[in-house]
Amino acid sequence: MAAIQERVFSGVQPTGNLHLGNYLGAIKRFVELQARYDCIYCVVDLHAITVWQDPEELTRNIRELTAAFIACGIDPKRHIVFNQSQVAEHAELAWVFSCVARMGWLNRMTQFKEKAGKDRENVSVGLFAYPCLMAADILAYRATHVPVGEDQKQHLELTRDIAQKFNNDFAARIKALGHGEAYFPLTEPLISGPATRVMSLRDGTKKMSKSDASDYSRINLTDDADAIAQKFKKAKTDPHPLPGDEKELEQRPEAENLVGIYAALVDHTKAEVLAEFGGAQFSRFKEALTERAVAKLGPIGAEMKRLVQDTAYIDQVLVGGADRARKIAAETMKAVKDICGFVRA
Ligand code: AQP
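All values derive from a computational prediction rather than experimental measurement.

Some words on the side chain of S10
Piece 1. Locating S10 in the fold gives a position in strand 1 (residues 7-12).
Piece 2. Looking at S10, its side chain comes within polar contact range of the main-chain oxygen of P147, at 2.8 Å.
Piece 3. If sequence neighbours within four positions are ignored, S10 has contacts with F30, I40, Y41, C42, V146, P147 and V148.

As structure tokens, then:
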């Protein structure tokens, strides 16, 4: 049986309003990892429908996110880019994992608690079971590394728990079928850098999020230079100049957020940014930040707008990527069926 090879997998939901947090926390890292790993990047449309999606808007958002991946620098020829619903093995493996995961594990997921809020009885079963599908996304490719933002850390820990329990429950069978000691790898989360949790521009204690009602809370990847300038200008800050020392950012969430964004945009540490801007007023820092953000996002937004017009090209990328992804996922699913004891063709 094939040994587990190093492989990167990650996904983003096509739920519109792609923002700077998605870019700095995830997509920018996806791009960087291409040089070192075989990468699979997925438009996770099955995750998107855990909350209601207008079908026409969903189609547009799937294509727009694919365009964003490519515009940010993901190469769909060297790596795999596809949308999840085209590879049925994700949903199939998710069912097996729903039978491996325990209710108690899922009950502890903070994202579910936050998203369900007081309306727990009325949210979809899919929203609750979401982490099982996420584990299936990753493990269908036996991915060893998953770049994500800080908010996904708990789901990745659950993915490891599911892999571990599957490996333990079926240990004898896995060995007998020649897979060695473990079939699934214990996937490593890749969460590092100065922008693993980009915060809202209106409230430094809240995550920058697609679903925030205020467009001023986030910088969208498709915002033009004027919108970016306006949003940073209005971004909440405190009355003090920037400190020279990183420790002094601790009680200043808005300042820390803007410094982290700047650092991630220019590939510096927060300490290096403060060495340059310590003592500066926010007005000067925000101008420099706007300049950096426009320089980075301007070309991405323009390329996204160009690519989404070419739906034939985008759809061809997704179909081609899905064909390549399915080959890998189908091998995994065959092995899983044998391990579980299902009879198959
Ligand atoms: N604010 C953020 N800072 C850093 N990373 C972030 N990510 C999301 N928000 C931030 C990372 O982006 C990747 C894709 O996220 P997703 O689309 O799958 O789901 P999400 O986390 O639900 O995105 P949002 O924007 O927060 O949507 P809503 O408003 O629906 O909750 C992931 O790697 C995520 O960590």
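Quick look at the site of the ligand
Piece 1. As a matter of local geometry, the ligand sits amid 21 residues, with D151, K207, S209, K210 and S211 nearest to it.
Piece 2. Residue S209 places a side-chain N or O atom 2.4 Å away from an oxygen atom belonging to the ligand.
Piece 3. One of the side-chain nitrogen or oxygen atoms of K210 is found 2.2 Å away from an oxygen atom of the ligand.
Piece 4. For the ligand, whose accessible area on its own is 650 Å², the fraction buried by protein is 94%.
Piece 5. For the ligand, the cavity whose grid points lie within 2 Å of the majority of its atoms is the largest pocket.
Piece 6. Examining the composition of the shell around the ligand, we find that four residues originate from one element, helix 1 (residues 20-33), more than from any other.
Piece 7. Along the lines of polarity and charge, the residues of the shell around the ligand split into six nonpolar, ten polar and five charged.

Remarks on the layout of surface pockets
Piece 1. Space inside the largest pocket adds up to approximately 1200 Å³.
Piece 2. In this structure, the largest pocket is lined by 44 residues; those nearest its centre are Q111, K115, D151, Q152 and K207.
Piece 3. Breaking the lining of the largest pocket down by element, the ones donating at least two residues are strand 1, helix 1, helix 6 (110-116), helix 7 (125-139), strand 4 (145-147) and helix 8 (153-169).
Piece 4. Of the residues forming the lining of the largest pocket, the biggest block, five residues, is contributed by helix 7.
Piece 5. Looking at the lining of the largest pocket residue by residue, the class counts come to 14 nonpolar, 20 polar and ten charged.

Some points on the nonpolar core
A general trend in soluble globular proteins is that nonpolar side chains are found buried together.
Piece 1. In this structure, L20, F69, F232 and I261 are the most contacted members of the largest nonpolar core, which totals 63 residues.
Piece 2. The residues that make up this core include at least three from each of domain 1 (7-196 + 310-340) and domain 2 (215-306).
Piece 3. Ignoring anything within four residues of it in the chain, the contact list for F69 reads V12, I27, F30, Y41, C42, V43, I74 and V81.
Piece 4. Core analysis: the next-biggest nonpolar cluster, separate from the first, contains 48 residues, V96, A116, A322 and A325 among them.

A closer look at empty space enclosed by the protein
Piece 1. In this structure the tally under the stated criterion is one cavity of 30 Å³ or more.
Piece 2. Taken as a whole, the largest cavity encloses approximately 60 Å³ of empty space.
Piece 3. Considering the residues around the largest cavity, the lining is formed by L106, M109, Q111, F112, K115, L127, F128, Y130, P131 and H155.
Piece 4. Secondary-structure elements contributing two or more residues to the lining of the largest cavity are helix 6 and helix 7.
Piece 5. Broken down by element, the residue count for the lining of the largest cavity peaks at four residues, all from helix 7.
Piece 6. Here the residues of the lining of the largest cavity are counted per class, giving seven nonpolar, two polar and one charged.

What about the domain arrangement of the protein?
Interfaces are often described in size by the accessible area the parts lose on coming together.
Piece 1. What the domain assignment reports for the protein is domain 1 (7-196 + 310-340) and domain 2 (215-306).
Piece 2. Between the C-alpha centres of domain 1 and domain 2 the distance comes to 30 Å.
Piece 3. Across the boundary between the two partners, domain 1 contributes 16 residues, which contact 20 residues of domain 2.
Piece 4. Buried area between domain 1 and domain 2, both sides added, is near 1400 Å², and the carbon and sulfur share of it is 72%.
Piece 5. The largest contributions to the domain 1 side of the interface with domain 2 come from L20, A71 and P194, which together make up 37% of the buried area.
Piece 6. Seen at the junction of domain 1 and domain 2, the total is one salt bridge.
Piece 7. Of the charged contacts, one joins D267 and K28 as a salt bridge, the two residues approaching to 2.6 Å between their closest N and O atoms.
Piece 8. Taken together, domain 1 and domain 2 are joined by four residue pairs in polar contact (both at pLDDT 80 or more).
Piece 9. Those elements that provide at least two residues to the side of domain 1 that touches domain 2 are helix 1 and helix 3 (55-72).

What counts as what
- Residues numbered from 1 in each chain as written.
- Predicted model: local features only at pLDDT ≥ 70, side-chain atom pairs only at ≥ 80, totals over all residues.
- Heavy atoms only, no water.
- Helix = DSSP H or I, 4+ residues; strand = E, 2+ residues; numbered from the N terminus.
- Polar contact = N/O pair within 3.5 Å; in protein donor to acceptor, adjacent residues only side chain to side chain.
- Contact = heavy atoms within 4.5 Å.
- Near = heavy atom within 4 Å.
- Areas by Shrake-Rupley, 256 points an atom, 1.4 Å probe, with all protein chains shown as cover.
- 1 Å grid on protein atoms, 1.4 Å probe; cavity = no way out; pocket = protein on both sides within 12 Å on 5 of 7 lines; lining within 4 Å.
- Sits in = over half its atoms within 2 Å of the grid points.
- Nonpolar A, V, L, I, M, F, W, Y, C, P; charged D, E, K, R; others polar.
- Points joined across faces, edges and corners; volume = space filled by probe spheres on them.
- Core = buried A, V, L, I, M, F, W, Y, C linked by side-chain atoms within 4.5 Å.
- Buried < 20%, exposed > 50% of the residue type's maximum accessible area, 1.4 Å probe, protein only.
- Domains from an automatic or database assignment.
- Buried area = accessible area lost by both parts, 1.4 Å probe.
- Salt bridge = Lys/Arg side-chain N within 4 Å of Asp/Glu carboxyl O.

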